[in-house]
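# Survey of secondary and tertiary structure
Each chain, letter by letter, is given below.
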Amino acid sequence: MKKWLSHTNSTVLSVAVIGIFILLTLFLNSLGGFQLDLTSNKQYTLSDQSLTAIKNVKDDVNILVLTVENANNTVLNREVTDMVEEYTKRNSKLKIKQYNLTQEPALASKYGITGSSIVLEQGDQHKVIDIASLFTATGDGSDGSYQFTGEEKLTQALMNMSSTEMHKMVFLTGHEELSLAQMTTLQSSLEQNNVQTEELQLNQAGKVPEDADVLAIIGPQRDLSDTEMKAIRTYLSNGGKLLLSLGFVEDMKSSWKNIDALMADYGVVDEHAVMVDNQQASTMGPLWVVPEYGTHAITDKLAASQLYPMLSLSIALTSKEQDKYTLSPLIHSSNDSYGETNIGGLLQNETTNDAEEDIQGPVELGYAADTTDGKPKAVILGSSIFMQDSEIANGGNRDFILNTVNYLSEKENGLTIRPRVQAGYEMAYLNGEQARTIFFVAIVAFPLIFVIIGVLLWWRRRRV
């Protein structure tokens, strides 16, 4: 009788344990995407802006994650995929599809991509996010740590997908400026941000289009004519905005009469000096500058994320007093820099810091001009090469120019979402003996120990 009761109790206990396990499984399954973020700064928790943007998606959006798989980017690809899955868990209208880019040449051709990308597709429109632009090394990058800005970029793309807010930016041509053909990455990024782009030959058109939000003059090699100058000033006086980014020209001091006059309208003075930065001489070269930021809506977030542009052949700028606009310095060179005024000598690779002739660092390389009531009016930069395709992916170049255009366009749906900061990952390579040891311990030894314990308990109960 005692033995029968013992077996009955064991059976009831086993059934109860199984029942509790089933109920617990059903309960956890009912929670759907329930997760608990135990990181100290909740870095895997989506921001309120993202949750709102996800909730507002009313039509089906396919999110295609196209990655190139290799040993060096496995962790980064997984971080991107995990982030996208977090979005799709919160709205059934968002669908994730994953592809190996090397095996999908048709998709690469369709969306015009050559590297790992996220593509948002809704109906006949799509937006592309370059995955490489989501990761930025922190510090000197030697430890493999990085910042991840994927949430901000993906949420911005979702908002732009459903936004009716459109802007137009025209790029002046006819003075050997950088053309849109040389800035295809920037053009694509602007269009992804609902900024339409087109080129303008002012001598032919006669005026700047009235519906243009921003007139861009990028790296001109020749001066504006008096007729063009008059048309540009008419556009600006009627509420237009200006992005003027200088390019290097040997005789700029004598030939840039109207370009200098246009800058002077906003209190900016072109010193006709090329920046030499000894702080960068041992790494990129003395004609490169990695500037520091001033305090402004364009730069504050970039400074917090340590995303700095990388400029070359930059022109030194200063300011003069005027009462029509408020000037804010955006970027400046290091203390160990100077503006070389002897351009002829510089072209012969001869440059020394002449304290009496040269502009002593730190030197301003960019200004934002706002109206007295705080509205953006113009941004004037001393460099333009950083916008071309070969340079825009370096450092914070892309983020800096996009922030500048968004500010001038007065885009209302700009975002500031903190980037995730990840410590470096170390790859462990195992030899054959180590792999066999781990396999034996994890797959054979541990399960066998539990089996032996179970058999001993069964044998003991059997003898009772």
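The structure contained in this document is the topic of the report that follows. None of the values given here were measured: they were computed from a predicted structure.

### Some thoughts on the sheet that holds strand 4 (residues 125–130)
- In spatial order, the strands read 2-1-3-4; together these 4 strands make up an open sheet with mixed pairing. The sheet is open, and its two edges are formed by strand 2 (94–100) and strand 4, each paired on a single side. Adjacent strand axes in the sheet meet at a mean angle of 20°, parallel and antiparallel pairs treated alike.
- Across 6 bridges, strand 3 (residues 117–122) lies against strand 4 in antiparallel orientation. Across the sheet, the residue bridging to Ile-118 is Ile-129, located in strand 4.
- Strands strand 1 (61–67), strand 2 and strand 3 of the sheet are contacted by helix 3 (residues 74–89), whose axis makes an angle of about 160° with strand 2.
- Sitting on the sheet, helix 5 (residues 150–162) touches strand 1, strand 2, strand 3 and strand 4, and the angle it makes with strand 4 is about 165°.

### Here we look at unusual backbone geometry
- A positive phi is found at Glu-176, a non-glycine position, where the angle reads about 60°.
- You can see Glu-176 is positioned in the loop between strand 7 (167–173) and helix 6 (184–192).
- Even without being a glycine, His-272 presents a positive backbone phi close to 55°.
- Here His-272 shows up in strand 11 (residues 268–277).

### Digging into helix 6
- Looking at helix 6, one finds that the buried residues are Leu-186, Gln-187, Ser-189, Leu-190 and Gln-192.
- Tucked into the core, helix 6 has its buried residues touching strand 4, helix 5, strand 7, strand 8 (195–201) and helix 13 (397–409).
- Within two residues after helix 6, Asn-194 carries a phi angle of roughly 65°, on the positive side.

### Quick word on the side chain of Glu-340
- Tracing the chain through its elements places Glu-340 in strand 17 (residues 337–340).
- In this structure, Glu-340 is buried with no salt-bridge partner, the nearest side chain bearing the opposite charge being Lys-253 at 11 Å.
- Setting aside chain neighbours within four positions, we find Glu-340 in contact with His-272, Ala-273, Val-274, Val-276, Leu-346, Thr-351, Thr-352 and Asp-358.

### Observations regarding the layout of surface pockets
- In this structure, the largest pocket spans a volume of roughly 730 Å³.
- Residue lining of the largest pocket: 37 residues in total, with Val-128, Asp-130, Thr-185, Ser-189 and Arg-398 positioned closest to the centre.
- Broken down by secondary-structure element, the contributors of at least two residues to the lining of the largest pocket are strand 4, strand 5 (135–137), helix 5, helix 6 and helix 13.
- Here the lining of the largest pocket is built from residues that sort into 12 nonpolar, 18 polar and 7 charged.

### As for the pairing of strand 17
- Burial along strand 17 is two-sided: the residues Ser-337 and Gly-339 and Tyr-338 and Glu-340 are all buried.
- As paired elements, strand 11 and strand 17 share 4 bridges and run antiparallel to each other. Across the sheet, residue Asp-277 finds its bridge partner in strand 17, namely Ser-337.
- Where strand 17 lies against strand 18 (residues 359–360), 2 bridges are found, and the strand directions are antiparallel.

### Digging into the packing of aromatic side chains
- Under the defined criterion, the tally for this structure stands at 4 aromatic pairs.
- Relative to Phe-400, the ring of Tyr-293 lies with its centre 6.2 Å away and its plane at 35°, an arrangement referred to as tilted. Separated by 107 residues along the polypeptide, Tyr-293 in strand 13 (residues 292–293) and Phe-400 in helix 13 bring together distant segments of the chain. When sorted by exposure, Tyr-293 lands in the same class as Phe-400, which is buried.

Conventions used here
Residues numbered from 1 in each chain as written. Predicted model: local features only at pLDDT ≥ 70, side-chain atom pairs only at ≥ 80, totals over all residues. Heavy atoms only, no water. Pairing = 2+ DSSP bridges. Helix = DSSP H or I, 4+ residues; strand = E, 2+ residues; numbered from the N terminus. Axes fitted to C-alpha atoms, helices over the stretch in contact; angles between N-to-C directions. Contact = heavy atoms within 4.5 Å. Buried < 20%, exposed > 50% of the residue type's maximum accessible area, 1.4 Å probe, protein only. Lys, Arg positive; Asp, Glu negative; His and termini not counted. Salt bridge = Lys/Arg side-chain N within 4 Å of Asp/Glu carboxyl O. 1 Å grid on protein atoms, 1.4 Å probe; cavity = no way out; pocket = protein on both sides within 12 Å on 5 of 7 lines; lining within 4 Å. Points joined across faces, edges and corners; volume = space filled by probe spheres on them. Nonpolar A, V, L, I, M, F, W, Y, C, P; charged D, E, K, R; others polar. Phe/Tyr/Trp six-rings, centres within 6.5 Å; stacked < 30°, edge-to-face > 60°.

In short, shape yes, function no, at least from these values alone.
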